[in-house]
Every structure is written in C-alpha cells, then in structure tokens.
Amino acid sequence: MDSLKDRVLRRVDSYDILDYYLKPYHEKGALKQGQHISNPFLLPTIQKTPSFNIYLSKSGSWRYNDFATGDQGDCFNLVMRLYGLGFYEALQLVVRDFVIGI
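By convention here, each chain's residues receive numbers from 1 onward along its written sequence. For a predicted model such as this one, the threshold for reporting local features is a pLDDT of at least 70, and the threshold for listing and counting side-chain atom pairs is 80 or more; totals across whole chains, interfaces and linings nevertheless cover every residue. Heavy atoms from the whole structure form the basis of all side-chain values; hydrogens and water molecules are not counted.

Draft legend 1. Spatial organisation of the overall build of the protein. Along the protein, the regular secondary structure elements total four helices and three strands. In sequence order, the protein lays out its α and β elements as α-α-β-β-β-α-α. Here the C-alpha atoms of the protein give a radius of gyration of 14 Å, agreeing with the 13 Å that 2.2 N^0.38 yields for 102 residues. Its C-alpha atoms give the protein principal-axis dimensions of about 45 × 25 × 25 Å. For the exposure calls, accessible area comes from a 1.4 Å probe over protein chains only, and a residue counts as buried if that area is under 20% of its type's maximum, exposed if over 50%, partly exposed in between. Residues counted as buried form 37% of the 102 residues belonging to the protein. When checking whether two residues touch, look at their non-hydrogen atoms; a contact exists if any pair is within 4.5 Å. Sequence separation of 24 or more characterises 39% of the internal contacts of the protein that already satisfy a separation of 6 or more. Helix and strand definitions follow DSSP, with helices as H or I runs of at least four residues and strands as E runs of at least two, each counted in order from the N terminus. The globule rule used for comparison is 2.2 Å times the number of residues to the exponent 0.38, while the radius of gyration itself is calculated over C-alpha atoms.

In structure tokens, the structure reads:
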C-alpha cells in the first residue's frame, strides 16, 4: 500500500507544491531552477540579497536550498517549516490546498 506522501506526489508534482507555497517570495511567473528568491525564513529587513532557490534533485524530485542557513529539503519540509507543522499536518495542508481527493 502506498503512503499518503506517495499518493499526493502522484497527483501533484513537487515543483507545483514548492511554487505554490513560495509565490509570495518571488516575482510573478514561474519559479525557475537556480533562480535566487527572497528567503521565506528570514525577515526582509535582515535579508540584503535573495538567498533561496529550488533545484531538481538526482532522484527527480524538486527540493529547496536555503543558502543563509544551510537548510534544504523537499516540498513537505518547506510546508512544515513555513507553517510550523508536523509531517502529517503538512501533508493534510497540501491535500486541502490542492483539493486532492484522497
């Protein structure tokens, strides 16, 4: 039996999840690999230059890299960090936001 995470990722690409939750931190249009954007984990007054981006990993999933803190992770790690949620709660938020009938 597939995990809830696997079922979510079959319905929504990890790129789309990252792009959706990072929209407030980058210019209009599609988020691009390697494009530095405002760091969602730093206050704007502290951040002088964009220090955050996404990339396609060797496994084929999209991940983020926070150059200011050295943190990196997948789309669910991002949701967990942005909203202070546990893993299961982050999965539930993605299911709700993307209206995935699972």
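Draft legend 2. Representation of helix 2 (residues 14-22) in the model. Taken across its nine residues, helix 2 has seven buried, putting it largely inside the fold. In this structure, the buried side of helix 2 is in contact with helix 1 (4-11), strand 1 (52-56), strand 2 (62-66), helix 3 (75-83) and helix 4 (87-97). You can read the cap of helix 2 off the contacts: a side-chain oxygen lies 2.9 Å from the backbone nitrogen of Tyr-15, and it is on Asp-13. As used in this structure description, the phrase polar contact means that two N or O atoms lie within 3.5 Å; if the pair is within protein, one of them must be able to donate a hydrogen and the other to accept it, and residues adjacent in sequence are counted only when both atoms belong to side chains.

Draft legend 3. Structural detail: the side chain of Asp-66. Position of Asp-66 among the secondary structure elements: in strand 2. A distance of 2.9 Å separates a polar atom in the side chain of Asp-66 from a polar atom in the side chain of Thr-69. Beyond its immediate stretch of four places on either side in the chain, Asp-66 contacts Asn-39, Phe-41, Ser-51, Phe-52, Asp-71 and Arg-81.

Draft legend 4. Representation of the packing of aromatic side chains in the model. To pair, rings of Phe, Tyr and Trp, with the six-membered ring standing in for Trp, must have centres within 6.5 Å; the planes then decide the type, stacked if under 30 degrees apart, edge-to-face if over 60, and tilted in the middle. Per the stated rule, a full pass over the model turns up nine aromatic pairs. Ring centres of Phe-52 and Tyr-64 lie 5.3 Å apart, and the angle between their planes is 10°; on these two criteria the pair is classed as stacked. Here Phe-52 is found in strand 1, whereas its partner Tyr-64 is found in strand 2, with twelve residues between them in sequence. The same class applies to Phe-52 and to Tyr-64, which are both buried. For the pair Phe-76 and Phe-87, a centre-to-centre distance of 6.0 Å together with 75° between the ring planes defines the contact as edge-to-face. One end of the pair, Phe-76, is in helix 3; the other, Phe-87, is in helix 4, and eleven residues separate them in sequence. In this structure Phe-76 comes out as buried when scored by relative accessible area, which is 0%. In this structure Phe-87 comes out as partly exposed when scored by relative accessible area, which is 39%. Aromatic ring contacts, followed pair by pair, group Tyr-20, Tyr-21, Tyr-83 and Phe-98 into a single cluster.

Draft legend 5. Just the environment of Pro-50, in detail. Inspection of the secondary structure assignment puts Pro-50 in the loop between helix 2 and strand 1. For Pro-50, a relative accessible area of 43% gives the class partly exposed. Separated by 35 residues in sequence, Pro-50 and Tyr-15 have C-alpha atoms that sit 19 Å apart.

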